[in-house]
Amino acid sequence: MALHKVGMRPEASEERRRLSLNPFYGEADPLGSMVLAPPQHRLPDGPMAPSAAYQFVHDELMLDGNSRLNLATFVTTWMEPEAGRLMSECRDKNMIDKDEYPRTAELERRCVAMLADLWHAPDPESTVGCSTTGSSEACMLSGMALKRRWAHRNRDRYPGAGARPNLVMGVNVQVCWDKFCNFWEVEPRLVPMEGDRYHLDPQAAAGLCDENTIGVVAVLGSTFDGSYEPVQEVCSALDALQERTGLDIPVHVDGASGAMVAPFLDEDLAWDFRLPRVASINTSGHKYGLVYPGVGWALWRSPDDLPDELVFRVNYLGGDMPTFALNFSRPGAQVVAQYYTFIRLGRDGYRAVQQTTRDVARNLAGEIEALGDFRLLTRGDELPVFAVATNPEAGNAGNFDVFDVSRRLRESGWLVPAYTFPPHREDLSVLRFVCRNGFSADLAELLLEDLRRAMPGLRAQSAPQSRDKAAATGFHH
Ligand SMILES: Cc1ncc(COP(=O)(O)O)c(C=O)c1O
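If you're wondering where the values come from, they're calculated on a predicted model, not measured in any experiment.

A. Up close: the overall build of the chain. Regarding its fold elements, the chain presents 14 helices and 13 strands. Residue burial in the chain is summarised as follows: out of 477 residues, 40% are buried.

Right under this line is the structure:
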């Protein structure tokens, strides 16, 4: 044991030394916490005890909806405790610090390789891809690559000679594509809905293309109703266009949800890199990739599809690593959780999870149809998502609308959005049910019971009750 001489006088400078204090170590005056009323919109003048701060925030958040009862969102609301543990172990890791966190960088690389293989990339070794904060960022990056490739092909006309790039897609695309076109000054060319067709029509898409088209976006599946767009037929229509005109238009597949459903449940459906015209694909790891928000993925068929000048280099183990992202810093925990989920489930596990969710969606859709008051637009057999409108042939049709149903379900805690369709089907209002892992058959039965209980009151209304139609239709998917 070391022998300490108590009587020895320390040097004067040593006497002045103190343990360094992290301001967080000191709790504020406990009496202060009892009389404290911190301002809401201005930084408080001083600190408060962590227990008091926690309670303030916790109590306010109690008024948020219950995420498990939220059938509006596509985003994962349940993960295993082990995934949660890994995420909290990694919550301090910045994805951009590749040199400092090489293993996290390696897990990201493996996820890209797994997705390239899953999506039938012809040469997974040379497929390029990256993680993103979600599909929105992945779509921005993919759109930028399309635009830059088009600009290269049209150096003589753009930007100097005033050509204006355009992007062809269905009017049902998610709002991220409106943002892309707005932010990157690309003209959106939207194929409208027509009759019972609620998504992109291949011939109409090809008809809108010209020499300024940077690409066509096909969605797997549509945010509005969960239907898959016919990617293969879109590619064939563009093949025919090329034969006729020489225009070679690449396709981007927005597989925000479907790219993590179709590979497991619809293996024979060709929608991915099996189609030579598909240049890039995105998905949301945080949707049917089964990871908490926010992680997405973007992959390009080959390095030729992603112009090199868009790629930035960061230091990685003394070398340099290419990165493509809008943000610099981004949490690493979601990427780790994606890798965990990939190895945890494997193909068979994903298939089982997605099949269970699809079964729940189909059964629930069937039961809702059986009530007689609703008409199904989709049945949950592509994405496990379906949309219903009121049935004009039902006895009490006209007494209530989908906005009334949404409001009544909300009284029981269920969040089921109602909204109006875009051109040319603005006449159509629907309720959309997004079924996800964790929304079990038992929970679906409880939802159905609540809906059955609400129906007599809805049928007995004299007219729809939704007063503020603008607010009722303000849902942005
Ligand atoms: C088809 C489609 N694309 C893109 C997005 C945007 O995805 P994220 O929320 O991951 O940014 C969504 C979101 O629902 C979507 O459904």
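B. Structural view of the site of the ligand. The environment of the ligand is made up of 15 residues, and the closest members are Gly134, Ser135, Ser136, Gln174 and Ala256. The biggest single contributor to the shell around the ligand is helix α6 (residues 135–153), with three residues. Among the residues forming the shell around the ligand, the class breakdown is five nonpolar, nine polar and one charged.

C. Highlighting the sheet that holds strand β2 (residues 166–170). An order of β1-β7-β6-β5-β4-β2-β3 is seen for the seven strands of this open sheet, with the pairing classed as mixed. Looking at which strands have only one partner, the edges of the open sheet turn out to be β1 (128–132) and β3 (187–191). If you compare each strand with its neighbour and ignore which way they point, the axes differ by 20° on average. Note that β2 and β3 share five bridges and pair parallel. The residue of β3 that forms the bridge with Met169 is Leu190. Across the sheet, helix α5 (residues 102–118) lies against β1 and β7 (296–300), angled at about 120° from β1, the strand it touches most.

D. Molecular detail of helix α7 (residues 175–183). Taken residue by residue, α7 has Cys176, Trp177, Phe180 and Cys181 as its buried positions. The buried side chains of α7 occupy one side of the element, clustering within an arc of 140° when seen end-on. Exposed positions of α7 whose direction lies more than 90 degrees from the buried face are Val175, Asn182 and Phe183. In this structure, the buried residues of α7 make contact with α6, β2, β3 and β4 (213–219).

E. Structural detail: the packing of α6 against α7. One can describe the packing of α6 onto α7 by two numbers: an axis separation of 9 Å at closest approach and a directional angle of 40°. What the angle tells us is that α6 and α7 run oblique. In this structure, the crossing between α6 and α7 has a hand that is right-handed. Side by side, α6 and α7 meet where Ser135, Ser136, Cys139, Met140 and Gly143 of the first sit next to Cys176, Trp177 and Phe180 of the second.

F. View of the UniProt feature "modified residue: N6-(pyridoxal phosphate)lysine" (unreviewed entry) in the chain. UniProt's feature table lists "modified residue: N6-(pyridoxal phosphate)lysine" (unreviewed entry) at Lys287, given in the numbering used throughout. Relative to the helices and strands, Lys287 resides in the loop between β6 (278–284) and β7. Here Lys287 falls in the buried class, since 27 other C-beta atoms lie within 10 Å of it. Excluding residues that lie within four positions of it along the chain, Lys287 makes contacts with Phe74, Val75, Thr76, Ala256, Ser257 and Met260.

G. Local environment of the environment of Pro250. Mapped onto the secondary structure, Pro250 falls in the loop between α9 (231–245) and β5 (251–254). Accessibility expressed as a C-beta count within 10 Å gives 21 for Pro250, which makes it buried. Put simply, Pro250 and Asp45 are 205 residues apart on the chain and 56 Å apart in space, counted from C-alpha to C-alpha. Setting aside chain neighbours within four positions, we find Pro250 in contact with Leu146, Gly215, Arg277 and Ala279.

H. Representation of the environment of Ala463 within the structure. Tracing the chain through its elements places Ala463 in the loop between α13 (441–459) and α14 (469–472). For the pair formed by Ala463 and Gly398, sequence separation is 65 residues and the distance between their alpha carbons is 6.6 Å.

I. Quick peek at unusual backbone geometry. Residue Leu220 is joined to Gly221 through a cis peptide bond whose omega torsion reads -10°. Between Pro293 and Gly294 the backbone carries a cis peptide bond, its omega angle lying at 5°. Here Gly294 shows up in the loop between β6 and β7. At Glu185, a position not held by glycine, the phi torsion is positive, near 50°. Along the chain, the position of Glu185 falls in the loop between α7 and β3. Taking the C-beta count within 10 Å as the criterion, Glu185 has 10 such neighbours and is therefore assigned exposed. The phi dihedral of Leu290 is positive, around 75°, even though this residue is not glycine.

J. Molecular detail of the nonpolar core. Ranked by size, the top nonpolar core spans 114 residues in total, and within it Val216, Ala218 and Val234 carry the most contacts. For this core, the element with the most residues is helix α11 (residues 333–370), which contributes 12 residues. If you count residues domain by domain, this core takes at least three from each of domain 1 (84–342) and domain 2 (354–472). The contact partners of Ala218, leaving out residues within four places of it in the chain, are Leu200, Glu229, Val231, Val234, Val251 and Val253.

K. Spotlight on the sheet that holds strand β11 (residues 385–390). If you trace the four strands from one edge of the open sheet to the other, you get β10-β11-β13-β12, paired in antiparallel fashion. The outermost strands of the open sheet, each flanked by one partner alone, are β10 (374–376) and β12 (418–420). For this sheet, the mean inter-axis angle between neighbouring strands, taken without regard to orientation, is 40°. The sheet contact formed by β10 and β11 spans three bridges and is antiparallel. When the sheet's bridge partners are listed, Phe374 is paired in β11 with Thr390.

L. Focus on the environment of Val295. Structurally, Val295 is set in the loop between β6 and β7. Taking the C-alpha atoms as reference, Val295 lies 6.2 Å from Ser284; in sequence the two are 11 residues apart. When neighbours within four sequence positions are excluded, Val295 is seen to be in contact with Ser131, Gly134, Gly285, His286, Gln334, Val335 and Gln338.

What counts, and at which threshold
Residues numbered from 1 in each chain as written. Predicted model: local features only at pLDDT ≥ 70, side-chain atom pairs only at ≥ 80, totals over all residues. Helix = DSSP H or I, 4+ residues; strand = E, 2+ residues; numbered from the N terminus. Buried ≥ 20, exposed ≤ 12 C-beta atoms within 10 Å, placed from the backbone. Near = placed C-beta within 6 Å. Nonpolar A, V, L, I, M, F, W, Y, C, P; charged D, E, K, R; others polar. Pairing = 2+ DSSP bridges. Axes fitted to C-alpha atoms, helices over the stretch in contact; angles between N-to-C directions. Contact = placed C-beta atoms within 7 Å. Arc of directions from axis to C-beta. Parallel < 35°, antiparallel > 145°, perpendicular 65-115°, else oblique. Left-handed = near helix turned anticlockwise from the far one by under 90°. UniProt positions renumbered as here; feature names shortened; annotations may be inferred. Core = buried A, V, L, I, M, F, W, Y, C linked by C-beta atoms within 7 Å. Domains from an automatic or database assignment.

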